[in-house]
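What follows is each chain in one-letter form.
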Amino acid sequence: IARTGRSYLMTISNYLIFTLTYFIAVITPGPGLAAIIARALGRGLHGMPFFVAGFIFGDLTLFIIAAAGLAALAEAYAPILIVVRYGGAAYLIYLAYGLWTAPISTDLGATDPSQSESPWALFLSTYSLTISNPKAILFFAALLPALLNLATLTLVDYAILTITIAIMISTGLMIYASAASRARVLFTSKIARRRINRITGTML
């Protein structure tokens, strides 16, 4: 960021424009946001930190690829990304199946031991979803270079952007997750709980 005696090309205005644009991209409806809402409606905030962490590291991966000018290299490994994409999708389908078939309980705080989930699997499911998400790829591969001159940024600039990305995406997604989790209290009967489980399972 600009300071006296040295010219950083990431000025305050550049940074604010990037931050605002990125936050709008985060809160714009897409597959990631749908997964967050579905997860929170179906299981509350249980396992949500690992779920959100996958999105954070996915976006940071795309940011690093764009910053290093490796977009062309990423395209060369498109077949691998396809495998990763379907692997993540398969796990989301597994979670959706769990919601469709889970025993119905009106105790929103209870967690069925038979439905325990691996934190690592939760992380990988959203990580793979993010790095193969066309919206995220479009932002970092096409829009980011238009907002910032990546070739001239310093290590300090990159550190600031990395922290900003982590804060923006975690804040934006947790706002939605918290709202959806609170909305669960509206569904108190077993019939309502079954319906919301199946709706959110379909969303996943």
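**Digging into the overall build of the protein**
Here is step 1 of the chain: Broken down by element type, the protein carries 9 helices and 0 strands.
Here is step 2 of the chain: Secondary structure elements of the protein, listed N to C terminal, follow the sequence α-α-α-α-α-α-α-α-α.
Here is step 3 of the chain: Split into buried and exposed, the 204 residues of the protein put 40% on the buried side.
Here is step 4 of the chain: Sequence-distant contacts in the protein: of pairs separated by 6 or more residues, those separated by 24 or more amount to 84%.
Here is step 5 of the chain: For the protein, the computed accessible surface area is about 10800 Å², with 71% contributed by carbon and sulfur atoms.

**Here's the deal with the packing of aromatic side chains**
Here is step 1 of the chain: Inspection of the entire model under this criterion finds 8 aromatic pairs.
Here is step 2 of the chain: Ring-pair connections join several aromatic residues into one group, and the members of that group are F18, Y22, F63, F140 and Y158.
Here is step 3 of the chain: The residue whose ring lies beneath R39 is F51, and the NZ or CZ to ring-centre distance is 5.7 Å.

**Re the packing of helix α1 (residues 12–27) against helix α8 (residues 155–183)**
Here is step 1 of the chain: For the pair α1 and α8, the least separation of the axes is 9 Å and the interaxial angle reads 35°. For the pair α1 and α8, the crossing hand works out as right-handed. Across from Y15, F18, T19, Y22, F23, V26 and I27 in α1, the residues of α8 making contact are I160, L161, T164, I165, M168, I169, G172, L173 and Y176.
Here is step 2 of the chain: Class assignment for the residues of the contact of α1 with α8 results in 13 nonpolar, 3 polar and no charged.

**Concerning empty space enclosed by the protein**
Here is step 1 of the chain: Per the counting criterion, the structure on display carries 1 cavity of 30 Å³ or more.
Here is step 2 of the chain: Approximately 230 Å³ is the volume found for the largest cavity.
Here is step 3 of the chain: Lining the largest cavity are 19 residues, and of these A25, V26, D59, N133 and K135 sit closest to its centre.
Here is step 4 of the chain: Mapped by element, the contributors of at least two residues to the lining of the largest cavity are α1, α2 (31–43), α3 (48–67), α6 (119–131), α7 (134–147) and α8.
Here is step 5 of the chain: Here the element with the most residues in the lining of the largest cavity is α7; it accounts for 4 residues.
Here is step 6 of the chain: Partitioned by chemical class, the residues of the lining of the largest cavity number 12 nonpolar, 5 polar and 2 charged.

**Describing the confidence of the model for the protein**
Here is step 1 of the chain: The predicted model of the protein averages 75 in pLDDT, with 68% of residues at 70 or higher.
Here is step 2 of the chain: Here helix α4 (residues 71–76) stands out as the least confident element of the protein, with mean pLDDT 55; α3 is the most confident, with 90.
Here is step 3 of the chain: In the predicted structure, residues 4–8 sits below a pLDDT of 50 and forms 6 contacts with residues beyond four places in sequence or in another chain.
Here is step 4 of the chain: Taken as a whole, residues 108–114 scores under 50 in pLDDT and shows 7 contacts with residues more than four places along the chain or in a different chain.

**Observations concerning α7**
Here is step 1 of the chain: Helix length check: α7, at 14 residues, gives a terminal C-alpha distance of 19 Å against a target of 20 Å (1.5 Å per residue), a fit within 8%.
Here is step 2 of the chain: Along its length, α7 reaches its greatest deviation from straightness, about 30°, at F140.
Here is step 3 of the chain: If you check which residues of α7 are buried, you get A136, F139, F140, L144 and L147.
Here is step 4 of the chain: The inward-facing, buried residues of α7 contact α1, α3, α6 and α8.

What counts and how
- Residues numbered from 1 in each chain as written.
- Predicted model: local features only at pLDDT ≥ 70, side-chain atom pairs only at ≥ 80, totals over all residues.
- Heavy atoms only, no water.
- Helix = DSSP H or I, 4+ residues; strand = E, 2+ residues; numbered from the N terminus.
- Buried < 20%, exposed > 50% of the residue type's maximum accessible area, 1.4 Å probe, protein only.
- Contact = heavy atoms within 4.5 Å.
- Areas by Shrake-Rupley, 256 points an atom, 1.4 Å probe, with all protein chains shown as cover.
- Phe/Tyr/Trp six-rings, centres within 6.5 Å; stacked < 30°, edge-to-face > 60°.
- Lys NZ or Arg CZ within 6 Å of the ring centre and 35° of its normal.
- Axes fitted to C-alpha atoms, helices over the stretch in contact; angles between N-to-C directions.
- Left-handed = near helix turned anticlockwise from the far one by under 90°.
- Nonpolar A, V, L, I, M, F, W, Y, C, P; charged D, E, K, R; others polar.
- 1 Å grid on protein atoms, 1.4 Å probe; cavity = no way out; pocket = protein on both sides within 12 Å on 5 of 7 lines; lining within 4 Å.
- Points joined across faces, edges and corners; volume = space filled by probe spheres on them.
- pLDDT = per-residue confidence, 0-100.
- Expected span 1.5 Å × (residues − 1).
- Bend = angle between axes of the 7 residues up to and from the residue.

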